[in-house]
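A structural walkthrough
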Amino acid sequence: MSPYPRSAYSRSRLFRAIACSLLVSVAPAALANAAISDVAMTTAICADAATAAQRETCQARQIAHLQLALAGKPASNGKAPATNAIPVTGSYSETARLGDADSWKTEEFQQDWGLEAINAHHAYARGLTGNGVRIGLFDSGVGLDHTEFAGKNHQGLKIGTILPDGSRCRPDYYLGGEFDPCFGTDGGRAQIEATYWDPDWERLLSPERARELVDKTQLYWNSHGTHVAGTMAANRDGKGMHGVAFGADFSSARLFADIATWLAPTCAFFRFCEELSINATASSFEDMYSQMNANRVRAINHSWGLGSEPWDEEEQDLIYQDPELAPLWSAVRQGSLDSGLLQVWAAGNTRRKPTPEDAPIAGAYATLPRFMPELEPYWLSVVNLKQDEEMAGHYLLSEYSMRCGPSKEWCIAAPGTEITSSVLGGETMEGAVVKGPDGNFHLEGIQALQQATTYDYEAYTGTSMAAPHVTGALALLFERYPYLTNAQVRDVLLTTATDLGAPGVDDVYGWGMVDLKKAIEGYGMFRVDTEVNMVAKAGGTHWWNDARVWDVWTNDISDYKHNATFTFSSPFADAWLRMSGNNSFYGLNVKGGILELTGANTLGSDVLVNGGMLLNNGVINNAVQV
């Protein structure tokens, strides 16, 4: 089982990077006219594509528009045309109104059908945008100069292997080589993919095309991370599309270093391709988490997984228990335990086209709390939904998505099919892989690629596109509930989801579809014993006509299967929570502040007041002990 991750979307290449250096080395002579010892041999470059058409699209990109070359059509050598570009609408003036959810469904809003599907407009109508919240992503890097990220306090983190002297490896310098080059990336710059056209193409192409391509290196951007970031937090500015949490800031770190592919005919036709890139190390993971936590990132999006996911729990256990991977698992674990950081993981994609019940289980990273139960409060596994073509407003698991499987207790479903978001266009034939004075290889031509860059929009499909809808939704809820911990906000998101599939939590859809309309109204259930310490008033617009009340929960709240007790406390005597639903959870304790009940409450045990104040303006069908 390969431990190497891949992006979890249907048009991606098979990415090669992770904490352990386990790639098989070969020695292509011509990539830089010198021997290279750490070039990886890979097969099935586009094996993770969801459909035959998408695999063809992926293959065409991997071989740098080979089909165009063979057809004798010109290759782009400058500004690339926008793909599915959305026209800019000019200067922007917000016309949406607080209290009117439908007024937020602008043309820009409707470019991502997922926004309405998760009821994001209801959160916007309550004044929630993610303002003041920082979320993160660990991906292929973000083109922060894309217009969708202008004017915000987004960050590109420079991470890398920590060297013996305590310094960090220089970002985006090494491409590979014989002398143990180290891993370093800049998350504010997208990964560059370089393709060298082997001289053997000269006998297969027309003379004109051969002169244009052969023995040259083509550079282009990998837009995966830019697309994910757009879904999370692209600007609401009247052009293109906007993210779920368009008012939030994000920090971007890059897992995938630049990569060079040796494009020989055997690569194009038989998929045996030689690649040159450097893998992330455990210390670079530690560096990433350290910076995310130092920047107070509250949830981080991971739209990637293993290059080949385990088929069952037994195979997962082999990976979890691999001693060579122990430093990696430790870094991932401490990333959450040190600060309460939530980690949102794409469940993974499949090519099997199964029924939902027969889909493979979620990937190893998404299911990690099986191996480390202490991570469960900080984990989310996300599966990909598509729109039901036969029933409007109904959603189904994509036939290319993994199911929740053993991650079901922390799994949620979100839109991930044909999601439009920001991408980078443009390419250049002016690249080169050169050997530096240190004996390692470097990429040249980056400035030419930057000058050729266009800022476009495309529709991608995969659990990679579902996960950022969840991370963006969390940002809105962090703003909505400034007094809840990260883990408690996660539970609000899970317990207010719309049930799909079999009744209750199931191994296909987990808790169901994200529903922000319900999530902004308090918990749906208490999954576990829950103590809320109210230290701040609710975020967003307060719709209730009582200035004394700090927050109001309107949902009917039950508990899951743990006989959960809710404890309310606050260091402030006037901290006031009104629970207006008809509640049926197990136990209730009041330890500080003011808790008001206005609905019909039938609990599983007596109510205990041991400090603070309990106001009963409804019905309590239980004894109250003071």
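**Considering the sheet that holds strand β33 (residues 607–609)**
- The strand order across the open sheet formed by 5 strands is β25-β28-β30-β33-β36, and the pairing between neighbours is parallel. Single-partner strands in this sheet number two, and they are β25 (530–533) and β36 (624–625).
- Direction of pairing for strand β28 (residues 565–569) relative to strand β30 (residues 587–590): parallel, over a ladder of 4 bridges. The residue bridging F568 from the neighbouring strand is V590, located in β30.

**Observations concerning empty space enclosed by the protein**
- In the structure shown here, the tally under the stated rule is 3 cavities of 30 Å³ or more.
- If you go around the largest cavity, the residues you meet are D172, Y173, Y174, L175, C182, G184, A257, D258, I278, L443 and I446.
- Taken together, the residues of the lining of the largest cavity break down into 8 nonpolar, 1 polar and 2 charged.

**With respect to the packing of helix α9 (residues 282–294) against helix α11 (residues 326–337)**
- Contact geometry for α9 and α11: axes closest at 9 Å, N-to-C directions at 5 degrees. Here α11 runs roughly parallel to α9, going by the angle between their axes. Here A282, F285, E286, Y289 and N293 of α9 lie close against α11, whose contacting residues are P327, L328, A331, V332 and G335.

**Focus: the sheet that holds strand β26 (residues 551–553)**
- Spatially, the 4 strands line up as an open sheet ordered β26-β29-β31-β34, and their pairing is parallel. Whereas interior strands pair on both sides, the edge strands pair on one side only; in this sheet they are β26 and β34 (613–616). Across this sheet, the average inter-strand angle for adjacent strands is 20 degrees, counted without regard to direction.
- Alignment of β26 against strand β29 (residues 576–579), held across 3 bridges, turns out to be parallel. Of the residues in β29, the one forming a bridge with D551 is L577.

**Re the nonpolar core**
- Counting residues in each nonpolar core, the largest one holds 140 residues, and the members touching the most others are F285, W553 and F566.
- Considering every element that reaches this core, the biggest residue donor is helix α13 (residues 463–480), with 10 residues.
- Setting aside residues no more than four positions away along its own chain, F566 makes contact with F526, T530, V532, W553, L577, M579, F585, G587, L588, N589 and L595.
- Residues I192, W221, A260 and L449 belong to the second largest nonpolar core, which totals 14 residues.

**Side note on the state of the cysteines**
- Applying the stated criterion across every chain yields a total of 3 disulfides.
- A disulfide bridge connects C267 with C273, and the sulfur atoms are separated by 1.9 Å. Residues C267 and C273 share a disulfide whose torsion about the S-S bond is about 90 degrees; that sign makes it right-handed. Accessibility assignment for this pair places C267 and C273 in one class, buried.
- Shown here is the disulfide that connects C404 with C411, its sulfur atoms set 2.1 Å apart. The sign of the -70 degrees torsion about the S-S bond sets the C404-C411 disulfide as left-handed.
- Take C404: its relative accessible area is 0%, and that puts it in the buried class.
- For C411, a relative accessible area of 0% puts it in the buried group.

Scoring rules and cut-offs
- Within every chain, residues take consecutive numbers counted from 1 along the sequence as written.
- Selection of residues for local features in this predicted model requires a pLDDT of at least 70, selection of side-chain atom pairs for listing and counting requires 80 or more, and totals for whole chains, interfaces and linings are taken over all residues.
- Here the side-chain values reflect all heavy atoms present in the structure, with hydrogen atoms and water set aside.
- Any two strands are treated as partners once DSSP identifies two or more bridges connecting them.
- Secondary structure elements are taken from DSSP: a helix is a run of H or I of four residues or more, a strand is a run of E of two residues or more, and numbering for both begins at the N terminus.
- Using a 1 Å grid laid over the protein atoms alone, points where a 1.4 Å probe fits but cannot get out form a cavity; open sets with protein on both sides within 12 Å along at least 5 of 7 lines form a pocket; any residue with an atom within 4 Å of a point counts as lining.
- Grid points are joined across faces, edges and corners, and a volume is the space filled by probe spheres set on the points.
- Gly is put with the polar residues, along with every residue not named as nonpolar or charged; the nonpolar set is Ala, Val, Leu, Ile, Met, Phe, Trp, Tyr, Cys and Pro, and the charged set is Asp, Glu, Lys and Arg.
- Only C-alpha atoms enter the line fits that serve as axes; for helices the fit covers just the stretch in contact. Angles between N-to-C directions range over 0 to 180 degrees.
- Roughly parallel means an angle under 35 degrees; roughly antiparallel, over 145; roughly perpendicular, 65 to 115; everything else is oblique.
- By the convention used here, residues are in contact when the closest approach between their heavy atoms is within 4.5 Å.
- Residues belong to a common nonpolar core when they are buried Ala, Val, Leu, Ile, Met, Phe, Trp, Tyr or Cys residues joined through side-chain atoms within 4.5 Å.
- Relative accessibility thresholds used throughout: buried, under 20% of the residue-type maximum; exposed, over 50%; partly exposed, between the two (1.4 Å probe, protein chains only).
- Note on disulfides: each one is a pair of cysteine sulfur atoms within 2.5 Å.

Worth remembering: the numbers are spatial, not functional.
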